[in-house]
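# Architecture and fold: a report
The chain contents come next:
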Amino acid sequence: MFEKTEAIVIRTFDYKETHKIVTLMTKRFGKIAVIAQGAKKPKSRNGAISQMFIQGDFLLRVGKGLGTLQQGDVIHSFRKVREDLFKTAYASYMTELTYRVVDERAPLPFIYDQLLKTLTAIEQDKDPEVVTMMYEMKLYPLLGIKPILDHCQSCGATENLTHFSIGDGGALCQACGKRDAYSIAVNTQVIKLLRLFSEVDVNRVENISVKPENKQLTNKVLKEYFEHHSGIFLKSRRFLDQLDALK
């Protein structure tokens, strides 16, 4: 059966001498892997459409097993992302995260839309750390690990939320935070940012101003929380940490 869909390339690897296996995050079918025959050949019609981060219209032959890429037209190449080390690092983290979190052939048009908006924001020089954290938090519900951020996980208080419990997965008030040996002391602004990142569309990033110290704390919370509850460890995450150390 032949199907046409808009999609973003989120993973590629070489297959045999001239082919590639390309994983697409599609708008219609969710995540799907296909063989791009001859994509490694210099003049292959599938070569350009099989590059990382490409957004395109794809004609696929799909069945129960691995599909086949018949042809495709580039909608947006995101060349500026691929040509910049820092932008590539953040884009690689988002696509690897998507690959690891999203199930095969589970239609998720909202996630597709957020991934596209996040790649576009990075290309347009919006803060890559902020938009990446916003996208990451949109994936948490798929893993069943969306944190509780509107009240204290322990006593239910809604005021003075100044800690985050990695183990319990949510905000703590000042009193309960002091009793949790494994909580991270943050501040009320970081808890508000986490709530904002979880709920707000990435297009709103121009209106979000984040102090460097709050951004660093928010990133620390999300990294520890995700790794603790998901059990997923990403190579692209380690590379981002190395880049951050160089700043």
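Here's a quick rundown of the structure. (Residues numbered from 1 in each chain as written. Predicted model: local features only at pLDDT ≥ 70, side-chain atom pairs only at ≥ 80, totals over all residues. Heavy atoms only, no water.)

Our focus in this paragraph is helix α6 (residues 188-199). In a regular helix each residue adds 1.5 Å, so 12 residues correspond to 16 Å; α6 covers 17 Å between its end C-alpha atoms and thus fits that length. When we look at burial in α6, the residues that qualify are Val190, Ile191, Leu193, Leu194, Phe197 and Ser198. Seen from one end, α6 has its buried residues packed into an arc of 160°, which puts them on one side. Structurally, α6 contributes buried residues whose contacts are with α4 (128-143), β6 (161-165), β7 (170-173) and α7 (212-230). Two to three positions downstream of the cap, the backbone nitrogen of glutamine 189 sits 2.9 Å from a side-chain oxygen, assigning the N-cap of α6 to asparagine 187. (Helix = DSSP H or I, 4+ residues; strand = E, 2+ residues; numbered from the N terminus. Expected span 1.5 Å × (residues − 1). Buried < 20%, exposed > 50% of the residue type's maximum accessible area, 1.4 Å probe, protein only. Arc of directions from axis to C-beta. Contact = heavy atoms within 4.5 Å. Polar contact = N/O pair within 3.5 Å; in protein donor to acceptor, adjacent residues only side chain to side chain.)

To continue, consider the sheet that holds strand β1 (residues 2-15). In space, the 5 strands of this closed barrel follow the order β1-β2-β3-β5-β4, with mixed pairing throughout. Strand-to-strand twist of the sheet, defined as the mean angle between neighbouring strand axes without regard to direction, takes the value 50°. Sheet strands in contact with helix α2 (residues 85-101) are β1, β2 (19-26) and β3 (30-36), and its direction is about 105° off that of β1. Contacting β1, β2, β4 (55-61) and β5 (67-76), helix α3 (residues 109-123) runs over the sheet at an angle of about 60° to β1. (Pairing = 2+ DSSP bridges. Axes fitted to C-alpha atoms, helices over the stretch in contact; angles between N-to-C directions.)

This next bit is on the environment of leucine 116. Within the fold, leucine 116 resides in helix α3. A relative accessible area of 16% means that leucine 116 is categorised as buried. Along the sequence, leucine 116 and isoleucine 8 sit 108 residues apart, while their C-alpha atoms lie 7.7 Å from each other. Setting aside anything within four residues of it in sequence, one finds leucine 116 in contact with Glu6, Ile8, Gln55 and Phe78.

Any two side chains of opposite charge can pair, on the condition that their charged atoms come close. Summed over all chains, the structure comprises 11 salt bridges. Here lysine 40 makes a salt bridge to aspartate 14, at a shortest N to O gap of 3.7 Å. Here lysine 40 is found in the loop between β3 and β4, whereas its partner aspartate 14 is found in strand β1, with 26 residues between them in sequence. On the basis of relative accessible area, lysine 40 is assigned to the partly exposed category, the value being 34%. Lysine 117 is paired through a salt bridge with aspartate 113; the nearest N and O atoms lie 3.2 Å apart. Residue lysine 117 and its partner aspartate 113 are both found in helix α3; the two are separated by 4 residues, about one turn of the helix. By sharing partners, the salt bridges in this structure join Asp113, Lys117 and Asp201 into a single network. (Salt bridge = Lys/Arg side-chain N within 4 Å of Asp/Glu carboxyl O.)

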